[in-house]
Amino acid sequence: DGLNFNLGLACYRAELYKEAVPALESELKDHPANAAAKQLLGLSYFMTDDYPRAAALLTELVAAKPNEAALYYPLALSLLKQGKTDAANQVIQQMVALGGNSPQLHILLGQAFYNQGDSAKALEELQAAIALDKKVLLAHFYAGVMYLKMGKFDEAAREFESELVLNPADLQAKYHLG
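Below: a short report on this structure. As a convention, each chain's residues are numbered from 1 in the sequence order in which they are written. Where local features are concerned, this predicted model is filtered to residues with pLDDT of at least 70; where side-chain atom pairs are given and counted, the filter is 80 or more; whole-chain, interface and lining totals use all residues. Only heavy atoms go into the side-chain values, all of them from the structure, while hydrogens and water stay out.

### A short note on the side chain of lysine 38
Note the threshold: Helix and strand definitions here come from DSSP, where helices need a minimum of 4 consecutive H or I residues and strands a minimum of 2 consecutive E residues; each element is numbered from the N-terminal end. Relative accessibility under 20% of the residue-type maximum defines a buried residue, over 50% an exposed one, and the middle range a partly exposed one, all with a 1.4 Å probe and only protein chains included. For this analysis, a polar contact is any N or O atom pair within 3.5 Å, provided that within protein one partner can donate a hydrogen and the other can accept it, and provided that sequence-adjacent residues contribute only side-chain to side-chain pairs. Two residues form a contact once any of their heavy atoms are found within 4.5 Å.
If you trace the backbone, lysine 38 turns up in helix α3 (residues 35-47). Take lysine 38: its relative accessible area is 18%, and that puts it in the buried class. At 3.3 Å, the side chain of lysine 38 and the backbone oxygen of proline 32 are in polar contact. Dropping the residues within four chain positions of it, lysine 38 is found in contact with Leu28, Pro32, Leu57, Glu60 and Leu61.

### A look at the nonpolar core
What counts is decided by this rule: To qualify as a nonpolar core, a set must consist of buried Ala, Val, Leu, Ile, Met, Phe, Trp, Tyr and Cys residues joined through side-chain atoms within 4.5 Å.
Leu24, Leu41, Leu58, Leu75, Ile92, Ile107 and Leu108 are the most contacted members of the largest nonpolar core, which totals 54 residues. Non-local contacts of leucine 24, meaning those with residues more than four positions away in its chain, are made with Asn4, Phe5, Gly8, Leu9, Ala37, Leu40, Leu41 and Ser44.

### What to know about the packing of helix α2 (residues 17-30) against α3
Which entries qualify depends on this criterion: Note on definitions: angles span 0 to 180 degrees between N-to-C directions of axes, and those axes are lines fitted to C-alpha atoms, for helices only across the stretch in contact. Crossing handedness follows the turn of the near helix against the far one: under a right angle anticlockwise gives a left-handed crossing, and clockwise gives a right-handed one.
Interaxial distance between α2 and α3 falls to 9 Å at its minimum, and their mutual angle equals 145°. The handedness of the crossing between α2 and α3 is left-handed. Side by side, α2 and α3 meet where Tyr17, Ala20, Val21, Leu24, Glu25, Glu27 and Leu28 of the first sit next to Ala37, Lys38, Leu40, Leu41, Ser44, Tyr45 and Met47 of the second.

### Points about helix α5 (residues 72-81)
Taken across its 10 residues, α5 has 9 buried, putting it largely inside the fold. Among all positions in α5, only Tyr72, Tyr73, Pro74, Leu75, Ala76, Leu77, Ser78, Leu79 and Leu80 are buried. Elements that come into contact with the buried residues of α5 comprise α3, α4 (51-64), α6 (85-97) and α7 (103-115). Where α5 terminates, the next one or two residues include glycine 83, which has phi positive at roughly 80°.

### A word on the pattern of salt bridges
Stated precisely, the cut-off is as follows: We count a salt bridge whenever a side-chain nitrogen from Lys or Arg sits within 4 Å of a carboxyl oxygen from Asp or Glu.
Tallied over the full model, the rule gives 4 salt bridges. Glutamate 25 serves as the salt-bridge partner of arginine 53, at 3.2 Å between the closest nitrogen and oxygen. In this pair, arginine 53 is assigned in helix α4 and glutamate 25 in helix α2, connecting sequence segments 28 residues apart. The class for glutamate 25 is partly exposed, based on a relative accessible area of 24%. For lysine 38, the salt bridge goes to glutamate 60, with nearest N and O atoms at 2.8 Å. Note that lysine 38 is positioned in helix α3 and glutamate 60 in helix α4, a separation of 22 residues in sequence. On the accessibility criterion, glutamate 60 (40% relative accessible area) is partly exposed. Each of Glu25, Asp50 and Arg53 takes part in salt bridges that share partners, so that together they form one network.

Written as structure tokens, this is what we have:
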């Protein structure tokens, strides 16, 4: 008993998210009320780019645990990745109401503005994220993308280089850097 959960947890901690999914799904078939397994499964779906299933499970978790701030970021990003900007904006507003002036919040806002076609506001939010934490992952990458959209290639290159210092394995940053 609990073997599937422990296996899923071990895989999740080892960043083997695809391997975590079947173990956590089995755990939830046997123990559907296991909130920890639900959270790990939702995050594993998110980390494997299964945004529809991540959003469904994370929405359920946010409803059950509205003060669990860590759930809002992957939920909002899952919705944005599906093009559900209005739903993502609602989640972001809930995140703001919880008192979140975090780099992750600003990255989300940047992505939301980008999805709405407002590159200037998106860049402002990404710069706010970087101002709060220069080492936050993805802020430099997305700022680089915004600079590319604006035709500011030197600034874009600087941001992609900054992202690669933080995450040398970021293939998208390497691709955009050229």
